[in-house]
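Structure at a glance
What follows is each chain in one-letter form.
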Amino acid sequence: MPHSDTQTLPHPNDRLDDEREPDERELLEAIIPLAQAGRRFDQVLAELFPDFSRSRLVSWIKSGEALLDGAEAKPKQALRGGETVTVWVTPSIETTAEPEAIALDLRHVDADVLVLHKPAGLVVHPGAGNPRGTLVNALLHFDAKLAELPRAGIVHRLDKDTSGLMVVARSLRAHSALVEQLSSRTVHRQYLAVVAGAMVAGGSVNAPIGRHPGDRIRQAVTEGGREAVTHYRVRERFRGHTLVECKLETGRTHQIRVHMAHVRHPLVGDPLYGGSLRMPRGATNALAEGLRGFKRQALHAESLAFAHPVSGDTLRFEASLPDDMLRLLAQLREDTAEAAAKGLK
């Protein structure tokens, strides 16, 4: 199993060049679901390959690069269901962010995927407030060919102040396969979180998540939201906090943060959902200082497993906790031990 230590990996310019010809087309395949019988080819194609624009997909149908059962079709052609769709994709620039020489903590690299450890504080995608200095900028410096993939190959993301493992596609076939695995919930994603309150036991949260009705920055459990399921169990219990292991079935924005707050165990340090600081009675000076100084959500993507999009082999990765969370846990353990010696709860 690949281990979690940082590896020195070659730059793509130094290897794999024979596997990534600059003008090589890539073949994507999918089966039309039987439930889509009677619908138009272009409509269903847009749902099967959502990372490409409708206009681009229609142009591929008209040019014969998108085929039904190996034959050309019209965009408005009605489907039977069960047909095989093949799409020959010619690489083009999908991402316009600028490459930047930002160090990456790479755990695995091959011709189709890479796995990395994202540190807390690194934004994933460029945006209005972060046009540079993001993971996308770093990835484009590592491999310029990623500009030809939707979102530079990123198929899932971590919040700026969440640390941990991410998988990135390096080819269109890998991108499509990973998106399908995420959609079918076969990617294993496990997180560690330090939450307020001493949990009695684990459980599951099945509560839809959508945009907060009064705050566009926040998400919330809301009746009109999208399905969201989080499973959690106690890894270690302290007198006023708990180290929790969380497993995602779905991947909604801020999902673990929203769900833990929903069950009244918000993440330590969470600026959006954490609420007021909860300090155990008679806390040690070290813990009091540690809790007041922890300025990010205490959340880390600990493990990741998925089927390799080409070989089908299961790849598993683990990443140990970052130093700030290790310090916090040490302070919590010390406080719990001292409180027990004094007879405090």
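What counts, and at which threshold
- Residues numbered from 1 in each chain as written.
- Predicted model: local features only at pLDDT ≥ 70, side-chain atom pairs only at ≥ 80, totals over all residues.
- Heavy atoms only, no water.
- Salt bridge = Lys/Arg side-chain N within 4 Å of Asp/Glu carboxyl O.
- Helix = DSSP H or I, 4+ residues; strand = E, 2+ residues; numbered from the N terminus.
- Buried < 20%, exposed > 50% of the residue type's maximum accessible area, 1.4 Å probe, protein only.
- Contact = heavy atoms within 4.5 Å.
- Pairing = 2+ DSSP bridges.
- Axes fitted to C-alpha atoms, helices over the stretch in contact; angles between N-to-C directions.
- pLDDT = per-residue confidence, 0-100.
- Polar contact = N/O pair within 3.5 Å; in protein donor to acceptor, adjacent residues only side chain to side chain.
- Parallel < 35°, antiparallel > 145°, perpendicular 65-115°, else oblique.
- Left-handed = near helix turned anticlockwise from the far one by under 90°.
- Nonpolar A, V, L, I, M, F, W, Y, C, P; charged D, E, K, R; others polar.
- Lys, Arg positive; Asp, Glu negative; His and termini not counted.
- Core = buried A, V, L, I, M, F, W, Y, C linked by side-chain atoms within 4.5 Å.

As for the pattern of salt bridges
For the structure on display, the rule yields 20 salt bridges. With a closest N to O distance of 2.8 Å, Arg173 and Asp112 form a salt bridge. Taken together, the positions of Arg173 in helix 4 (residues 172-183) and Asp112 in the loop between strand 4 (105-109) and strand 5 (113-118) put the pair 61 residues apart, joining distant regions of the chain. Relative accessible area serves as the criterion here: at 5%, Asp112 is assigned to the buried category. Among the ionic contacts, a cluster of salt bridges with common partners joins Arg157, Asp159, Arg257 and Asp270.

Points about helix 5 (residues 255-262)
Buried residues dominate helix 5, accounting for six of its eight residues. Listed in full, the buried residues belonging to helix 5 are Gln255, Ile256, Arg257, Val258, His259 and Met260. Among the residues trailing helix 5, Arg264 stands out with phi positive, at a value near 70 degrees.

Focus: the environment of Val195
Along the chain, Val195 turns up in strand 7 (residues 188-196). Distance from Val195 to Val244, taken between C-alpha atoms, is 7.1 Å for residues 49 residues apart in sequence. Other than its neighbours up to four places away in sequence, Val195 contacts His241, Thr242, Val244, Met260, His265, Pro266, Leu267 and Val268.

Side note on the sheet that holds strand 2 (residues 66-68)
One open sheet accounts for three strands, arranged 1-3-2; its pairing is antiparallel. Each of the sheet's edge strands pairs with one partner strand only, and the pair in question is strand 1 (26-31) and strand 2. Here the strands of the sheet are splayed against their neighbours by 20 degrees on average, with no regard to which way each runs. One ladder, built from three bridges, connects strand 2 with strand 3 (residues 84-89); its direction is antiparallel.

Considerations on the confidence of the model for the protein chain
Looking at the protein chain, pLDDT values average 88 and 91% of them are 70 or higher. Scored below 50 in pLDDT, residues 1-23 shows 42 contacts in the model against residues more than four places distant or in partner chains.

Things to note about unusual backbone geometry
Excluding glycine, residues mostly have negative phi values, and the peptide bonds linking residues are mostly trans. Positive phi values are uncommon outside glycine, yet Asp69 reaches one of about 50 degrees. Tracing the backbone through its elements, the reader meets Asp69 in the loop between strand 2 and strand 3. Among the residues examined, Asp69 registers a relative accessible area of 44% and is labelled partly exposed. Positive phi values are uncommon outside glycine, yet Arg151 reaches one of about 55 degrees. Inspection of the secondary structure assignment puts Arg151 in the loop between helix 3 (135-142) and strand 6 (163-169).

Some points on the pairing of strand 3
Across six bridges, the pairing between strand 1 and strand 3 is antiparallel. Paired with Glu26 across the bridge in strand 3 is Val89.

With respect to the environment of Ser163
Position of Ser163 relative to the elements: it lies in strand 6. Residues contacting Ser163, with those up to four places away along its chain left out, are His117, Lys118, Pro119, Ala120, Leu158, Arg296, Leu299, His300, Ala301 and Pro322. Among the polar contacts made by the side chain of Ser163, one reaches the side chain of His300 at a distance of 2.8 Å.

Some details on the side chain of Glu100
By the element assignment, Glu100 lies in the loop between strand 3 and strand 4. For Glu100, a relative accessible area of 17% translates into the label buried.

Topic: helix 2 (residues 54-63)
For helix 2, every residue scored as buried is listed here: Arg56, Leu57, Val58, Trp60 and Ile61. Each element contacted by the buried residues of helix 2 is listed here: helix 1 (41-48), strand 2 and strand 3. Positive phi appears at Gly64, one or two residues downstream of helix 2, with a value of about 80 degrees.

Thoughts on the environment of Arg316
Turning to its location among the elements, Arg316 is positioned in strand 14 (residues 314-318). Taking C-alpha positions, Arg316 is 23 Å from Lys160, a pair spaced 156 residues apart along the chain.

A word on the packing of helix 1 against helix 2
Where helix 1 contacts helix 2, the two axes come as close as 10 Å, and the packing angle between them is 125 degrees. On the basis of their axis angle, the class for helix 1 and helix 2 is oblique. The hand of the helix 1/helix 2 crossing is right-handed. Here helix 1 contributes Phe41, Asp42, Gln43, Leu45 and Ala46 to the contact with helix 2, which in turn contributes Arg54, Leu57, Val58 and Ile61. Residue composition of the contact of helix 1 with helix 2, by class: six nonpolar, one polar and two charged.

Re the side chain of Arg189
Tracing the sequence through the fold places Arg189 in strand 7. For Arg189, which is buried and forms no salt bridge, the nearest opposite charge comes from Glu249, at a distance of 9.4 Å.

A few points about the nonpolar core
The nonpolar side chains of soluble globular proteins are, as a tendency, buried together. Membership of the largest hydrophobic core comes to 55 residues, with the highest contact counts inside it found for Leu45, Phe49, Val87 and Met260. In terms of residue count, the dominant contributor to this core is helix 3 (five residues). If near-sequence neighbours (up to four positions away) are discounted, Phe49 is found in contact with Leu28, Glu29, Ala30, Leu57, Val85, Val87 and Ser176.

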